[in-house]
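Analysis of the macromolecular model
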Amino acid sequence: MTTSRWSALGAVVVCVALGLWFWSSRSEIGNEISLIAQLSSAEKRTNVEGAGQFAIEQVTIDGVSRQAILARPHSRLTYNVTVPHDAWLEVSFAMKPETWDLPGDGAQFRIGVSDGRVYQEVVRQYVNPKRGDRRWFSVRQDLSAYEGRQVKLIFNTDPGPPEGRDNANDLAVWAEPRVYSRR
């Protein structure tokens, strides 16, 4: 092989290697905003009296242990977030296992996004351990429509079922909420 062919082959190998590196690095999680780490700066509202209404706890369900925020109904957590490029919201939620066999009818978990003009509800899930909802529920929501903008991510927990008022033993938890970008 001539020198120019070796040089061309070397250039191709380098381009392929750089392309593979760039492609693989895009699939890894780059920017991450842990909403548990930002709990102290979140706006908190609740009508539940007593201390520890928004406590961070380790919760284990079916052998899967997650760091979670206790948010008993009626409560609201509001986070101010600047949405990064190619952003996703990821969170799991559940009722704490020690309440599963106690009186009560579960809770409703809702997540909304507000850009200051419009509120859009992106998640609504009623969880009732009495009907078999004894697991982690996980959601991943695309936030790319809000890219580069400051928004409010609003986590609501309400007594269940919808329009319900029974909040007996409603130990609702939001586990490992985060906003992340693949870039």
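Let us look at the structure shown here. The model shown is predicted, which means the values in this text are computed figures rather than measured ones. (Residues numbered from 1 in each chain as written. Predicted model: local features only at pLDDT ≥ 70, side-chain atom pairs only at ≥ 80, totals over all residues. Heavy atoms only, no water.)

In space, the five strands of this open sheet follow the order β2-β5-β10-β7-β8, with antiparallel pairing throughout. The open sheet has two edge strands, β2 (43-46) and β8 (119-127), and neither has a second partner. Direction aside, the axes of adjacent strands within the sheet are offset by 15 degrees on average. (Pairing = 2+ DSSP bridges. Helix = DSSP H or I, 4+ residues; strand = E, 2+ residues; numbered from the N terminus. Axes fitted to C-alpha atoms, helices over the stretch in contact; angles between N-to-C directions.)

Next up on the list: the pairing of strand β7 (residues 107-114). Burial runs high along β7: eight of the eight residues are buried. Along β7, one buried face is formed by Ala107, Phe109, Ile111 and Val113 and the opposite face, lined by Gln108, Arg110, Gly112 and Ser114, is buried too. In the sheet, β7 pairs with β8 via eight bridges, with the strands oriented antiparallel. Bridge assignment links Val113 to a residue of β8, and that residue is Gln120. Between β7 and β8, which pair antiparallel one after the other, the connecting turn spans four residues, and Gly116 there sits at a positive phi close to 100 degrees. In this structure, β7 lies alongside strand β10 (residues 150-159), joined through eight bridges in antiparallel fashion. By the bridge assignment for β10, Phe109 is matched with Thr157. (Buried < 20%, exposed > 50% of the residue type's maximum accessible area, 1.4 Å probe, protein only.)

A full pass over the atoms with the stated rule returns six aromatic pairs. Arranged with centres 5.8 Å apart and planes meeting at 85 degrees, the rings of Tyr79 and Phe155 form a pair that is edge-to-face. You can see Tyr79 sitting in strand β5 (residues 75-82) and its partner Phe155 sitting in strand β10, a full 76 residues away along the chain. The class of Tyr79 is buried, set by a relative accessible area of 2%. Three or more aromatic residues joined by ring pairs make a cluster, and in this case those are Tyr79, Phe93, Phe109, Phe137, Phe155 and Trp174. The positively charged end of Arg135 is found above the aromatic ring belonging to Phe137, 3.9 Å away from the centroid. (Phe/Tyr/Trp six-rings, centres within 6.5 Å; stacked < 30°, edge-to-face > 60°. Lys NZ or Arg CZ within 6 Å of the ring centre and 35° of its normal.)

Between Pro73 and the following residue, His74, the backbone shows a cis peptide bond with an omega angle of -15 degrees. Take His74: it is sitting in the loop between β4 (64-70) and β5. Between Gly160 and Pro161 the backbone carries a cis peptide bond, its omega angle lying at -5 degrees. With respect to the helices and strands, the residue Pro161 is situated in the loop between β10 and β11 (172-181). Of note in the backbone geometry, Glu176 takes a positive phi value of approximately 50 degrees without being a glycine. Note on placement: Glu176 falls in strand β11.

With 42 residues, the main nonpolar core has Tyr79, Leu143, Leu153 and Phe155 as its most contacted residues. Of all elements in the fold, only β3 (56-61), β4, β5, β6 (87-95), β7, β8, β10 and β11 reach the threshold of two or more residues within this core. Among residues more than four places away in sequence, those in contact with Leu143 are Val83, Ala87, Trp88, Leu89, Val113, Leu153 and Val179. (Core = buried A, V, L, I, M, F, W, Y, C linked by side-chain atoms within 4.5 Å. Contact = heavy atoms within 4.5 Å.)

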